[in-house]
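Listed here are the chains, written in short residue letters.
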Amino acid sequence: MSREINTVGVVGLGTMGAGIVEVFARSGIDVVAVEVTDEAVERGQATLVGSIDRAVAKGKLTPAARDEIFARVGFAVGFAALHDVDLVIEAVPEQLPLKQRIFAELDRVCKPGAILATNTSSLSVTEISVATTRPNQVIGVHFFNPAPVMKLVEIVRTVVTAPEVVADVEALCARLGKTDVTINDRAGFIANALLFGYLNQAVSMLEARYATREDIDAAMRLGCGLPMGPLALMDLIGIDTAYEILDTMYRRGGRDRRHAPVPLIKQMVTAGLLGRKTGRGFYTYEGPGSPKVVADELTAAPEPAGSTQITTIGVVGSGVMARGIVEVAARAGFDVVSVTRGEAKTAAVTAAVQGSLAKAVVKGKLTEDDQAAALARITWSHRLEDLDDVDLVIESVVEELSVKKAVFAALDEICKPGVVLATTTSSLPVIEIAMATQRPADVVGLHFFNPAPVMALVEIVRTIRTAPETTAAADALVAALGKTGVHCADRSGFIVNALLFPYLNDAVRMLEASYASADDIDYAMKLGCGYPMGPFELLDTVGLDVALAIQRELYLELREPGFAPAPLLEHLVTAGYVGRKAGRGFRDHTNL
Ligand code: NAD
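Residues numbered from 1 in each chain as written. Predicted model: local features only at pLDDT ≥ 70, side-chain atom pairs only at ≥ 80, totals over all residues. Heavy atoms only, no water.

### A closer look at the site of the ligand
1) Next: Taken together, 25 residues lie near the ligand, and Met16, Glu35, Glu94, Lys99 and Ser121 sit nearest.
2) Next: The contact in question runs from an oxygen atom of the ligand to an N or O atom on the side chain of lysine 99, over 2.6 Å.
3) Next: A distance of 2.7 Å separates an oxygen atom of the ligand from a polar side-chain atom of serine 121.
4) Next: Contact with the protein chains hides 89% of the accessible area of the ligand, taken as 830 Å² for the molecule alone.
5) Next: Those elements giving two or more residues to the shell around the ligand turn out to be α1 (15-26), α4 (96-109) and β6 (138-143).
6) Next: Within the shell around the ligand, the residues separate by chemical class into 11 nonpolar, nine polar and five charged.
7) Next: Residue-level mapping places the shell around the ligand at the junction of two domains, with at least three residues from each of domain 1 (7-184) and domain 2 (193-294). (Near = heavy atom within 4 Å. Polar contact = N/O pair within 3.5 Å; in protein donor to acceptor, adjacent residues only side chain to side chain. Areas by Shrake-Rupley, 256 points an atom, 1.4 Å probe, with all protein chains shown as cover. Helix = DSSP H or I, 4+ residues; strand = E, 2+ residues; numbered from the N terminus. Nonpolar A, V, L, I, M, F, W, Y, C, P; charged D, E, K, R; others polar. Domains from an automatic or database assignment.)

Set out below in structure tokens:
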């Protein structure tokens, strides 16, 4: 028979513990909340009060409900108060000796039959459990940050956790309104195993001055729809906690270099820049614990509103991206010369742009007059020579280096001096394309995202030869198109793809290792980290073949062993299981 859980203990009231107390109390469960000192208790109490009061102020809780919640929570220093709880969740810093010491103590204090749970993110639950005389009653219950908001709980069973303990905790999670995935004891479980390599890589981009903190974060928010950029997320997690998690994952997870904490992280820990909780991490906050970012010495001065001399834009190509850019530019008021390789291609681009504009009118996003004006601004052509008088060219032809180089060599002959030549390549080195011309200083990458009329992000890629005036012209253009530009250097995958695809590849490896199902992995990333799509949904959408090609490029450029494409990805592509477009991928899309 399943045991009743009426009272729980929470040990450690930091970033996670305070949120976990709130989750239980809001679900009508009595809580004994324990810390090491009176000051720490007060801090934890203040976090709880602040969060509940905010909910009342927003009208999400009544004042009566608030009082009931507070009445359910007792605070204490020391473990004696935990003698009668039915379950304890430990949420102290991510250090094995500390957690083992605490579990030995809990084992002495808690009544027989009480479940002892750890909120560890990366340590071995098994190693923690053997510090007690009841390892079969020890389990991992991994909440996500912020605990009251994120729906996922990873339940981690060791090889000796009793099945009824797993069942009781699963039932408890349901009572809390959480979705659980139950998995075995492996470093990082599902979500952190996929998340932390990405976070560490983002820090290494910052450390190498590849892009600014704001640009890295904006790229991942706007390019992937993530609720937060990686550096802002590190600040939320806590830089010290992130360091410990990475360090443990490196040691437990096969010494993957991608988990070796980037030196900057250790330096920040030493300097006390622990993120939101201390008021400063990658960003500076209004005060300790505040989510509000304030300007600091690293905040770039606002750019003077860019004035562009550009009035006419040439767009070369006829694919999805070229069509989107023609539409975006015409809607933004530029004259556009669309050049394709022939009448049939021009007809296809024309139809696509007309169709998309008509849809915008139906949706009420565009007036009929604006639609007519946008169409009137576009000149259709299939001769590159018609670009002899444009102010800027955006090339968006097939993703093949030889083809792009040929187009750029031709543009170099045709275009006026000083015209900015941009490529939308997503995986080729911009410098190789630039060197096909006699004017590499005027060449820049403008990496739009699909569908271009919808996606707000453009990565502006400068090569080692790009002139500052060229980048400035690109900035002004991107702003005039109503998009957000982020700058990065000319490296494979730029910001977004370089951070996104290794994570997708890791998810495939996790599936391949039979650690969790595709559904559970998708759930974990959506409900634990707020991703708009799980990795397998996303792979099926972008195409497994596209993902494989990008991953291969990243691997070839950086020679990072962890970037080697997952064999399962290669096999599926070989078998024609390339995702939705083929009607089959990680899931059989037989309905397409
Ligand atoms: P934190 O540093 O914010 O808080 C830890 C708290 O534990 C502090 O308030 C500290 O005073 C208290 N503490 C230390 N020793 C104690 C003791 N002997 N008895 C009672 N309390 C003690 O850490 P955190 O970020 O909340 O992480 C706690 C645990 O939760 C870690 O295992 C971490 O891996 C895990 N976790 C963290 C996150 C996150 O985003 N921060 C997410 C999920 C899980």
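Next comes the rest of the account.
### Let's talk about the UniProt feature "domain: 3-hydroxyacyl-CoA dehydrogenase NAD binding" (unreviewed entry) in the protein chain
1) Next: UniProt records the feature "domain: 3-hydroxyacyl-CoA dehydrogenase NAD binding" (unreviewed entry) for residues 7-185 and 312-490 in the present numbering.
2) Next: Here residues 7-185 is 41% helix and 23% strand, with 26 Å between the C-alpha atoms at its ends. (UniProt positions renumbered as here; feature names shortened; annotations may be inferred.)

### Details of helix α13 (residues 343-362)
1) Next: The end-to-end C-alpha separation of α13 is 28 Å, in line with the 28 Å expected for 20 residues at 1.5 Å each.
2) Next: Of all the residues in α13, the buried ones are Thr346, Val349, Thr350, Val353, Leu357, Ala360 and Val361. Down the axis, α13 shows its buried residues gathered within 110° of arc, on one side only. Opposite the buried face of α13, by more than 90 degrees, sit the exposed residues Ala344, Lys359 and Val362.
3) Next: Of the surrounding secondary structure, the elements contacted by the buried residues of α13 are α12 (320-331), β12 (335-339), α14 (368-376) and β13 (378-381). (Expected span 1.5 Å × (residues − 1). Buried < 20%, exposed > 50% of the residue type's maximum accessible area, 1.4 Å probe, protein only. Arc of directions from axis to C-beta. Contact = heavy atoms within 4.5 Å.)

### Quick look at the environment of alanine 547
1) Next: Within the secondary structure layout, alanine 547 lies in helix α21 (residues 544-558).
2) Next: Excluding residues within four positions of it along the chain, alanine 547 makes contact with Phe501, Leu539 and Leu569.

### Remarks on the packing of helix α19 (residues 518-529) against helix α20 (residues 535-542)
1) Next: Across the interface, α19 lies against α20 with an axial gap of 7 Å and an inter-helix angle of 100°. Taken together, the axis directions place α19 and α20 in an arrangement best described as roughly perpendicular. Touching Ala518, Ile521, Asp522, Met525 and Lys526 of α19 are Pro535, Phe536 and Glu537, all from α20. (Axes fitted to C-alpha atoms, helices over the stretch in contact; angles between N-to-C directions. Parallel < 35°, antiparallel > 145°, perpendicular 65-115°, else oblique.)

### Observations regarding the nonpolar core
1) Next: Residues Leu106, Ile190 and Leu387 are the most contacted members of the largest nonpolar core, which totals 121 residues.
2) Next: If we skip the residues at most four places from it in the chain, leucine 106 touches Val11, Phe79, Leu82, Val88, Leu116 and Arg134.
3) Next: Core analysis: the second largest hydrophobic core is formed by 38 residues, Val10, Ala33, Ala91 and Phe143 among them. (Core = buried A, V, L, I, M, F, W, Y, C linked by side-chain atoms within 4.5 Å.)

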